[in-house]
Amino acid sequence: LRYPEYMTANLAGETLETMLLKVADLEVKCKRLALDLPDEAWVYTDSALVQRLLANLLGNAISHAPRGSTVRVTMNPDGDISLSNPAPHLEARDVPRLGERFYRVGHGERGPHAGLGLSLAAAIAKILRLRFGLALRDDGCLVASIRGFQTLAQSIGAAGPAPNSTLRRSSP
């Protein structure tokens, strides 16, 4: 992985773009995608790394959710993202190990996976200084969450006024 190249990005747009690239995978595996995104969520981040992070999470959800199920992606206006999918093959004891390199649960739809997707997602989140979490809900859905994006408003507030910007009072 590389050092992040931070810039302003519409995270909602980046998420939608990444999700649309995976639609064919969903159709082939007979799964649906439900999106709940704001029109815009401007953050200060590395777009390429965020797209890789989202692609890894969505690819994992598509690969491991049962046929006919729905993968859900939600985002709040601050850019916090949750991605959930039914995971009937998981047990609560599996969750702490899911981000480990090469860890694979003993059952479920395996496919050509090496057990690296979630560990790569966790590594990318760490590089971007984001909080990445995995939880198994009572309804059997695995939820991957990404929190801590620096919103554009936070970036501007943290930086203070722009250079050479002064407030001038007009003369009466």
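Residues numbered from 1 in each chain as written. Predicted model: local features only at pLDDT ≥ 70, side-chain atom pairs only at ≥ 80, totals over all residues. Heavy atoms only, no water.

## A short note on unusual backbone geometry
Glycine aside, a negative phi is what most residues show, and trans is what most peptide bonds show.
Working step 1: The backbone of Arg 129 sits at a positive phi, close to 60°, despite the residue not being glycine.
Working step 2: Secondary-structure assignment places Arg 129 in the loop between α4 (117-127) and β6 (131-136).
Working step 3: On the basis of relative accessible area, Arg 129 is assigned to the exposed category, the value being 71%. (Helix = DSSP H or I, 4+ residues; strand = E, 2+ residues; numbered from the N terminus. Buried < 20%, exposed > 50% of the residue type's maximum accessible area, 1.4 Å probe, protein only.)

## Quick look at the sheet that holds strand β4 (residues 70-75)
Working step 1: Pairing in this open sheet of 5 strands is mixed, and the strands run β2-β4-β5-β7-β6 from one edge to the other. Every other strand in the sheet has two partners, leaving β2 (32-36) and β6 as the edge strands with one partner each. The sheet shows a mean angle of 15° between the axes of neighbouring strands, taken without regard to direction.
Working step 2: Of the pairings in the sheet, the one linking β6 to strand β7 (residues 141-147) comprises 6 bridges and is antiparallel in character. Within β7, the position partnered with Gly 133 by the bridge is Ser 145.
Working step 3: Across the sheet, helix α1 (residues 11-21) touches β2, β4 and β5 (81-86), and the angle it forms with β4 is around 165°. (Pairing = 2+ DSSP bridges. Axes fitted to C-alpha atoms, helices over the stretch in contact; angles between N-to-C directions. Contact = heavy atoms within 4.5 Å.)

## Focus: empty space enclosed by the protein
Unoccupied space between atoms shows up once a probe the size of one water molecule is rolled over them.
Working step 1: Per the stated rule, a full pass over the model turns up 1 cavity of 30 Å³ or more.
Working step 2: In this structure, the largest cavity spans a volume of roughly 50 Å³.
Working step 3: Looking at the largest cavity, the residues that line it are Leu 57, Asn 60, Ala 61, Leu 83, Asn 85, Leu 118, Leu 134, Leu 142 and Ala 144.
Working step 4: Where the lining of the largest cavity is concerned, the elements lending two or more residues are α3 (47-64), β5 and β7.
Working step 5: Its residues assigned to classes, the lining of the largest cavity shows 7 nonpolar, 2 polar and no charged. (1 Å grid on protein atoms, 1.4 Å probe; cavity = no way out; pocket = protein on both sides within 12 Å on 5 of 7 lines; lining within 4 Å. Points joined across faces, edges and corners; volume = space filled by probe spheres on them. Nonpolar A, V, L, I, M, F, W, Y, C, P; charged D, E, K, R; others polar.)

## Notes on the confidence of the model for the protein chain
Working step 1: Here the protein chain shows a mean pLDDT of 80. Residues at 70 or above account for 75%.
Working step 2: Scored below 50 in pLDDT, residues 160-172 shows 0 contacts in the model against residues more than four places distant or in partner chains. (pLDDT = per-residue confidence, 0-100.)

## A few points about the environment of Gly 13
Working step 1: Along the chain, Gly 13 turns up in helix α1.
Working step 2: Distance in space between the C-alpha atoms of Gly 13 and Asp 39 is 7.7 Å, their sequence separation being 26 residues.

## With respect to the sheet that holds strand β1 (residues 7-10)
Working step 1: Across the sheet, 3 strands lie side by side as β1-β3-β8; this open sheet has antiparallel pairing. Only two strands of the sheet have a single neighbouring strand rather than two, namely β1 and β8 (150-151).
Working step 2: When β1 meets strand β3 (residues 42-45), the two strands line up antiparallel, connected through 4 bridges. Bridging across to β3, Ala 9 finds its partner in Val 43.
Working step 3: Along the sheet face, α1 touches β1 and β3 and points at about 60° away from the line of β1.

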